[in-house]
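# Survey of secondary and tertiary structure
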Amino acid sequence: MQDTQYRKQTRRAAVAVVSAATAALLVTACGPGNDGSGPAAAPAAAATVTQTAPAPAPTAPSTTHPAPGKGATASGAPATGTAPATASPSAGTAAACAATDLTVEAHQAKQRPDGTGVGAAIVAFTNTSAHPCTLQGFPTVAGAANGSPDHNAPLAVTHSGTATPVRVAPGGKAWVKLTFVQVQGEGDGGCDSGATPVAYPTLVVGLPGGAGAHQVALDDGLFAECDNKVTTTALLATSPS
């Protein structure tokens, strides 16, 4: 039996030499890259075969793909037919309001500083167009007579709150609240600062974003105020009090 095992080992050694040489030729001729399907393999260096066991058959190189994510298939390649995600405009957006889209009215606010002047006023802008439009920002304010709005006295404006876009539907409204330095005392009254009160028949309220300057009178009375100062909210989607 030992003689038989010795002959088998001798034959295996001879086969190993031939198999190793043949495998080297196969790796060079048939390795990845020679048929254009993968990266070319580096040429194998010449070596003396000393092993007595059969050479292992060449195996194809393994490839690890990253886990698929958005825009990729399970193989890691970009997915076909998948459009890149793009931001879409909000359904609530609309073009900026034009001056001709709006009408304006004003009334005295319920919540106002104590005194005998107007104290505070609510100014409402109505969208009279057939399409929605957007208002945003703080207005400018000037006192005026009943004549041309170009003849006015600008008031020093202080902003209150944060400006956000207001989408105004056809027939809908946006509002601002104007709070004045209050007149004190009866009769002609007076100002705590010692200045003389002023009563304007109208105000010219200028809207940002090309929405125009709008002249408005109170539904009752005059805009009596002190110091030519006013605190204004931004344009609002709900009416303040």
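Residues numbered from 1 in each chain as written. Predicted model: local features only at pLDDT ≥ 70, side-chain atom pairs only at ≥ 80, totals over all residues. Heavy atoms only, no water.

### A word on the pairing of strand β2 (residues 120-127)
Cut-off, in case you're wondering: Relative accessible area decides the class of each residue, using a 1.4 Å probe on protein chains only: under 20% of the type maximum gives buried, over 50% gives exposed, and in between gives partly exposed. Counting from the N terminus, the helices are DSSP H or I runs at least four residues long and the strands are E runs at least two residues long. Strand pairing is defined by DSSP finding a minimum of two bridges between the two strands.
Most of β2 is tucked away, with 8 of its 8 residues classed as buried. Residues of β2 alternate between two faces, with Ala120, Ile122, Ala124 and Thr126 on one and Ala121, Val123, Phe125 and Asn127 on the opposite face, all of them buried. With 7 bridges connecting them, strand β1 (residues 102-108) and β2 associate as antiparallel partners. Bridge pairing in β2 places Leu102 opposite Asn127. With 7 bridges connecting them, β2 and strand β8 (residues 173-181) associate as antiparallel partners. Bridge pairing links Thr126 to Lys173 in β8.

### Looking at the pattern of salt bridges
Put simply, the rule reads: Only one rule defines a salt bridge in this text: a Lys or Arg side-chain nitrogen within 4 Å of an Asp or Glu carboxyl oxygen.
Within the structure shown, the criterion is met by 1 salt bridge. The partner of Lys173 in a salt bridge is Glu105, with the nearest N and O atoms 3.1 Å apart. Of the two residues, Lys173 is situated in strand β8 and Glu105 in strand β1; the sequence distance between them amounts to 68 residues.

### Concerning the pairing of strand β11 (residues 213-217)
The side-chain alternation of β11 yields one buried face, formed by His214 and Val216, and one unburied face, formed by Ala213, Gln215 and Ala217. As paired strands, strand β10 (residues 202-206) and β11 are joined by 5 bridges and run antiparallel to one another. Bridge pairing in β11 links Val204 to Gln215.

### Structural notes on the state of the cysteines
Disulfide: a covalent bond connecting the sulfur atoms of a pair of cysteines. In plain terms, the rule: Only a pair of cysteine sulfur atoms within 2.5 Å qualifies as a disulfide here.
If you walk through the whole model with that rule in mind, you get 2 disulfides. Covalently, Cys191 is tied to Cys226 through a disulfide, its sulfur atoms 2.0 Å apart. Judged by the sign of its S-S torsion, about -90 degrees, the bond between Cys191 and Cys226 is left-handed. With Cys191 in the loop between β8 and β9 (198-200) and Cys226 in strand β12 (residues 223-233), this pair connects stretches of sequence that are 35 residues apart. The same class applies to Cys191 as to Cys226, namely buried. Here the cysteine-cysteine linkages of the protein chain are recorded as 1-2, 3-4, numbering only bonded cysteines and doing so in sequence order.

### Some remarks on the nonpolar core
For clarity, the threshold we go by: Nonpolar cores are built from buried Ala, Val, Leu, Ile, Met, Phe, Trp, Tyr and Cys residues. Side-chain atoms within 4.5 Å join them into one set. Contacts were defined at the residue level, with two residues in contact if any of their heavy atoms lie within 4.5 Å.
Of all hydrophobic cores here, the largest spans 27 residues; its most connected members are Leu135, Leu178, Phe180, Leu203, Leu207 and Phe223. The set of elements that each furnish at least two residues to this core consists of β1, β2, β3 (133-135), β7 (166-168), β8, β10 and β12. For this core, the element with the highest residue contribution is β8, accounting for 4 residues. Setting aside residues up to four positions removed in sequence, Phe180 forms contacts with Pro113, Val118, Gly119, Ala120, Ala121, Leu155, Leu203, Phe223, Glu225, Lys229 and Val230.

### Remarks on unusual backbone geometry
In this model, Asp227 sits at a positive phi of 70 degrees, which is unusual for a non-glycine residue. We note that Asn228 has phi near 50 degrees; this positive angle belongs to a residue other than glycine. On the secondary structure map, Asn228 appears in strand β12. Exposure remark for Asn228: the relative accessible area of 27% places this residue in the partly exposed category.

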